[in-house]
Amino acid sequence: MWFFYTLIPCLLIDGVAILPAPQNLSVQSTNMKHLLTWSPVMVPGEIIYYFVEYQGEYESLYMSHVWIPSSWCSPTKGPECDITDDITATVPYNLRVRATQGSETSAWSTLKPPFNRNSTILTPPGMDVTKDGFHLVIKLEDLGSQFEFLVAYWRREPGAKEHVKVVRSRGIPVHLETMEPGAAYCVKVQTFVKAIGRHSPFSQAECVKVQDARTWHFLMHVLSMLSTMTLGFGASPSCVTGGKSLNDSRGSIYRSYNVTVF
């Protein structure tokens, strides 16, 4: 029935044209980001604007039930409003929306029941697990200043002890552990929001493996050889000529190419 009314350009009450009120108000909230949505009011050929207002516990108890216009949505064209900046406490919030078109204004539609941010859906952050030599390094998605992360990591072997580290750095690589050669290490993470006292589930574990000691030593040997060869190619002429004096060596080299020595 609500859809039928939203398609009507206007209703007549005592001969005065008014818009139908927005319907189906709801809030989608994930990781402390709150989006109020509603069904659009349809008036062919016309642009509809919406006004959003909120009322928290303080406004209700201590300010005579005053309603405050939303920071970003008074007015707005679309049938949604990011109310994240308006929801600043973990208390029930009343939310309401009305439509306007020219001089016509709809009645207010109110969200039922009121919204409380402690109902937000918490998810683990995006996670990038890497190794830097023998160092186990993790980089976590930045979800905002209200979040901290519990990072669990362990060596992948039977009976391994799980270590937990609290990480507050967001978007910055963090060193977790110095790994042993040849071992694999696994990491999982969950979010924690102190303002609502809740955790997300843990993420799926991600594992990395460092080279064993023999592989590492072989690579170091190869690098050492390459370094020695590089130094050999860049050696002075006295080294190339088997220990002759610098002047003799220069002379013999230049004579072989018919170059005059200055």
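Relevant structure appears above.
This one's a predicted model, so the numbers in the text were calculated from it and none came from an experiment.

### Regarding the state of the cysteines
Joining two cysteines, a disulfide is a covalent bond between their sulfur atoms. Under the counting rule described, the total for this entry stands at 2 disulfides. The disulfide that involves Cys73 links it to Cys81, with 2.1 Å between the sulfurs. Where Cys73 bonds to Cys81 through sulfur, the torsion about that S-S bond is close to 100°, and the disulfide is right-handed. Given the relative accessible area of 3%, Cys73 is considered buried. Cys186 shares a disulfide with Cys207; S-S distance 2.0 Å. Here Cys186 and Cys207 share a disulfide; its torsion about the S-S bond, 100°, makes the bridge right-handed. Residue Cys186 is found in strand E16 (residues 184-193), and its partner Cys207 is found in strand E18 (residues 206-209); the two are separated by 21 residues along the sequence. Judged by relative accessible area, Cys186 falls into the buried class, the value being 2%. Counting only the cysteines that take part in disulfides, in the order they occur along the chain, gives the pairing 1-2, 3-4.

### Topic: the packing of aromatic side chains
To describe a pair of aromatic rings, you give the distance between the ring centres and the angle between the ring planes. Counted under the stated rule, the structure contains 3 aromatic pairs. Taking the centre distance of 5.4 Å and the plane angle of 40° together, the rings of Tyr58 and Tyr62 count as tilted. Of this pair, Tyr58 and Tyr62 both sit in helix H2 (residues 57-62), 4 residues apart, roughly one helical turn. On the basis of relative accessible area, Tyr58 is assigned to the exposed category, the value being 52%.

### Details of the sheet that holds strand E12 (residues 135-140)
On the basis of which strands lie adjacent, the open sheet formed by 3 strands has the order E11-E12-E15 and antiparallel pairing. Edge strands, defined here as strands with exactly one partner in the open sheet, are strand E11 (127-132) and strand E15 (174-178). Each adjacent strand pair in this sheet contributes to an overall mean axis angle of 25°, direction not counted. Bridge analysis of E12 against E15 gives 4 bridges, and the strand direction is antiparallel. When the sheet's bridge partners are listed, Val137 is paired in E15 with His175.

### Topic: the environment of Val151
By the secondary structure assignment, Val151 is in strand E13 (residues 147-155). The contacts of Val151, once residues within four sequence positions are left out, are Ile138, Leu140, His163, Val164, Lys165, Val167, Leu176, Val187, Lys188 and Val189.

### Quick notes on the sheet that holds strand E7 (residues 80-82)
Spatial strand order, E3-E4-E7: 3 strands in an open sheet with antiparallel pairing. Looking at strand neighbours, the two that pair on one side only are strand E3 (23-30) and E7, the edges of this open sheet. In this sheet, adjacent strand axes meet at a mean angle of 15° when their direction is disregarded.

### Considerations on the side chain of Glu59
With respect to the helices and strands, the residue Glu59 is situated in helix H2. For the buried Glu59, which has no salt bridge, the nearest side chain bearing the opposite charge is Arg96, at an N-O separation of 12 Å. At 2.7 Å, the side chain of Glu59 and the backbone nitrogen of Gly56 are in polar contact. When near neighbours in sequence (up to four residues on either side) are disregarded, Glu59 contacts Ser64, His65, Val66 and Ile68.

### Some remarks on the nonpolar core
With 25 residues, the main nonpolar core has Leu136, Ile138, Leu140, Val151 and Val187 as its most contacted residues. Broken down by secondary-structure element, the contributors of at least two residues to this core are E11, E12, E13, E15 and E16. Leu25, Trp38, Ile83 and Leu111 belong to the second-largest nonpolar core, a separate cluster that totals 21 residues.

### Some words on the pattern of salt bridges
Scanning the model with the defined rule gives 5 salt bridges in all. The salt bridge partner of Glu148 is Arg168, with a shortest N-O separation of 3.2 Å. Residue Glu148 is found in strand E13, and its partner Arg168 is found in the loop between strand E14 (163-167) and E15; the two are separated by 20 residues along the sequence. Residues participating in the shared-partner salt-bridge network are Arg155, Glu157 and Glu180.

### Some words on the pairing of strand E5 (residues 49-55)
Most of E5 is tucked away, with 5 of its 7 residues classed as buried. Sheet analysis places E5 next to strand E8 (residues 94-101), joined by 7 bridges and oriented antiparallel. Residue Tyr49 lies in a different strand from E8, and its bridge partner there is Thr100. Sheet analysis places E5 next to strand E6 (residues 68-69), joined by 2 bridges and oriented antiparallel.

Reading the values: rules and limits
- Residues numbered from 1 in each chain as written.
- Predicted model: local features only at pLDDT ≥ 70, side-chain atom pairs only at ≥ 80, totals over all residues.
- Heavy atoms only, no water.
- Disulfide = S-S within 2.5 Å.
- Buried < 20%, exposed > 50% of the residue type's maximum accessible area, 1.4 Å probe, protein only.
- Helix = DSSP H or I, 4+ residues; strand = E, 2+ residues; numbered from the N terminus.
- Phe/Tyr/Trp six-rings, centres within 6.5 Å; stacked < 30°, edge-to-face > 60°.
- Pairing = 2+ DSSP bridges.
- Axes fitted to C-alpha atoms, helices over the stretch in contact; angles between N-to-C directions.
- Contact = heavy atoms within 4.5 Å.
- Lys, Arg positive; Asp, Glu negative; His and termini not counted.
- Salt bridge = Lys/Arg side-chain N within 4 Å of Asp/Glu carboxyl O.
- Polar contact = N/O pair within 3.5 Å; in protein donor to acceptor, adjacent residues only side chain to side chain.
- Core = buried A, V, L, I, M, F, W, Y, C linked by side-chain atoms within 4.5 Å.

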